[in-house]
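# Close look at the chain arrangement
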Amino acid sequence: IYDKAGNNKTISCNLDNKNQTTLPSSSSSSTKSSSTKSSSSSSTKSSSSSSKSSSTSYTPPANSKTLNITAGTYERTDYDSEMSYIEVIPQGATTNMPLVIYLDGARSYVNFPNIVLGRSIIKYVQNGNAYDEVGKKFLLISPRYVISDGKNGTLNWYGSHGPREASKIAGLINHIYKKYQIDRSRIYITGVSLGGDGVWYMINAYPSVYAAGTVVSGCAFEANPSNFKTTPILGYNGTGQVEKNTGYTSCVPSMINKIKNAGGTAESRVKSGWDHSSMVNVYSTDKDVFKWMFNYHK
């Protein structure tokens, strides 16, 4: 993994897998999407090279091999007991699979993993629709929030807590790479609410790691727009009253514009009439969020 100065950093990981819990998977594992939208940017150039990336004609690297692991949804604690994580493994998992990281909102901390398991993004991946959308299998993980400090913790991915949390996520990515030999050129990150805040700050801290990111109702008050020049961003916000009161209606498009002005690739989408509680449904409603991200690779 690389630090902010671009220096290669080696991170030691405990690979003991005995501390894990099998979680229920969707009952419709063979269901396929019949309403996938075509991407308007399927020939968009790679975020850091001149080669083009297509989400519909992906060919796994020649050295891919089938992993001897069981498909399903699990809660893992093999990386760090403080940061357990949900892992969704597809049927026929191989080496060189892309990785998607999903950061949930603050409520998930107090009821993890149940809150996250009920999210539409997890079900959308479990039932195969997300794989159909992008034309490939991938690994999805959703880490639990880290308690930063204080008796009851401070649930922030950002600000003064950002560097620590960003480092923890970077370490988790290295751990996943050691376990499954994921494709390092296709690591994507997305999140909702406080998790959306986290997307800004994870990329801000490690811009060389992520191929693209999607922010759903998340603010970035201390992120540097120049750090997003090589990581395309798709930003969502609603127009409901809570979205307005929490500032998402202004902070999301504002950051998108700042990234564009800094020379980066960014797109803003507004869900008219949607309030904050509905924004978690963007992934399964728009049906091209994954495809948008997967158009890019490092």
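Notes on the structure follow.

Calculation criteria
- Residues numbered from 1 in each chain as written.
- Predicted model: local features only at pLDDT ≥ 70, side-chain atom pairs only at ≥ 80, totals over all residues.
- Heavy atoms only, no water.
- Helix = DSSP H or I, 4+ residues; strand = E, 2+ residues; numbered from the N terminus.
- Buried < 20%, exposed > 50% of the residue type's maximum accessible area, 1.4 Å probe, protein only.
- Contact = heavy atoms within 4.5 Å.
- Areas by Shrake-Rupley, 256 points an atom, 1.4 Å probe, with all protein chains shown as cover.
- Pairing = 2+ DSSP bridges.
- Right-handed = clockwise from strand over helix to strand, strands pointing away.
- Core = buried A, V, L, I, M, F, W, Y, C linked by side-chain atoms within 4.5 Å.
- Phe/Tyr/Trp six-rings, centres within 6.5 Å; stacked < 30°, edge-to-face > 60°.
- Salt bridge = Lys/Arg side-chain N within 4 Å of Asp/Glu carboxyl O.

### Quick look at the overall build of the protein chain
- Along the backbone of the protein chain there are 10 helices and 9 strands.
- Expressed as a percentage of its 298 residues, the buried residues of the protein chain come to 55%.
- Summarising the internal contacts of the protein chain: among those between residues at least 6 apart in sequence, 73% fall at separations of at least 24.
- Carbon and sulfur atoms form 45% of the exposed surface of the protein chain, whose accessible area is close to 12,400 Å².

### Here's the deal with the environment of N68
- Examined against the element boundaries, N68 turns out to sit in the loop between β1 (20–23) and β2 (72–76).
- Looking at N68, the relative accessible area reads 82%, which means it is exposed.
- For the pair N68 and Y180, spaced 112 residues apart in sequence, the C-alpha to C-alpha distance is 10.0 Å.

### With respect to the pairing of strand β6 (residues 187–192)
- Counting buried positions over the 6 residues of β6 gives 6, a clear majority of the element.
- Neither face of β6 is exposed, since I187, I189 and G191 on one face and Y188, T190 and V192 on the opposite face are all buried.
- Here β6 pairs with strand β7 (residues 212–216) via 5 bridges, running parallel. Residue pairing in the sheet places G191 in a bridge with V215 of β7.
- Note that the unit made of β6, helix α6 (residues 194–205) and β7 has a crossover that is right-handed.

### Looking at the nonpolar core
- If you look at the biggest cluster of nonpolar residues, it comprises 41 residues, and the most contacted ones within it are L99, I101, L139, I176, W200 and Y210.
- Within the residue set of this core, elements represented by two or more residues are β3 (85–89), β4 (99–103), β5 (139–143), α5 (162–180), β6, α6 and α8 (248–261).
- Not counting the four nearest positions on each side in its chain, Y210 is found in contact with I101, I169, I173, I187, I189, M202, I203, T230, T231 and K298.

### Here's the deal with the packing of aromatic side chains
- Following the criterion strictly, the structure yields 9 aromatic pairs and no others.
- Note on Y131 and F138: the rings are 5.0 Å apart at their centroids and 75 degrees apart in plane angle, and the pair reads as edge-to-face.
- Taking the relative accessible area as the measure of exposure, Y131 reaches 9% and is therefore buried.
- Where Y188 meets F294, the ring centres are 4.4 Å apart and the plane angle is 20 degrees; that geometry is what we call stacked. Here Y188, found in strand β6, pairs with F294, found in helix α10 (residues 289–294); they are 106 residues apart in sequence, far enough to count as distant.

### A short note on the side chain of S193
- Considering the arrangement of structural elements, one finds S193 in the loop between β6 and α6.
- The contacts of S193, once residues within four sequence positions are left out, are G105, V216, S217, G218, Y248 and H276.

### Here we look at the pattern of salt bridges
- Throughout the structure, instances matching the rule amount to 9 salt bridges.
- For R119, the salt bridge identified is with D104, shortest N-O distance 2.9 Å. Here R119 is found in the loop between α2 (114–117) and α3 (120–126), whereas its partner D104 is found in the loop between β4 and α1 (107–110), with 15 residues between them in sequence.
- A residue is classified by how much of its surface remains accessible, and D104, at 2% relative accessible area, is buried.
- Residue R269 pairs with D288 through a salt bridge whose shortest N-O separation is 3.0 Å. Linking R269 in strand β9 (residues 266–271) with D288 in the loop between α9 (282–286) and α10, this pair joins segments that are 19 residues apart in sequence. One exposure class covers both R269 and D288, and it is buried.
- In this structure, a network of salt bridges that share partners links the residues E267, R269, K271, D286 and D288.

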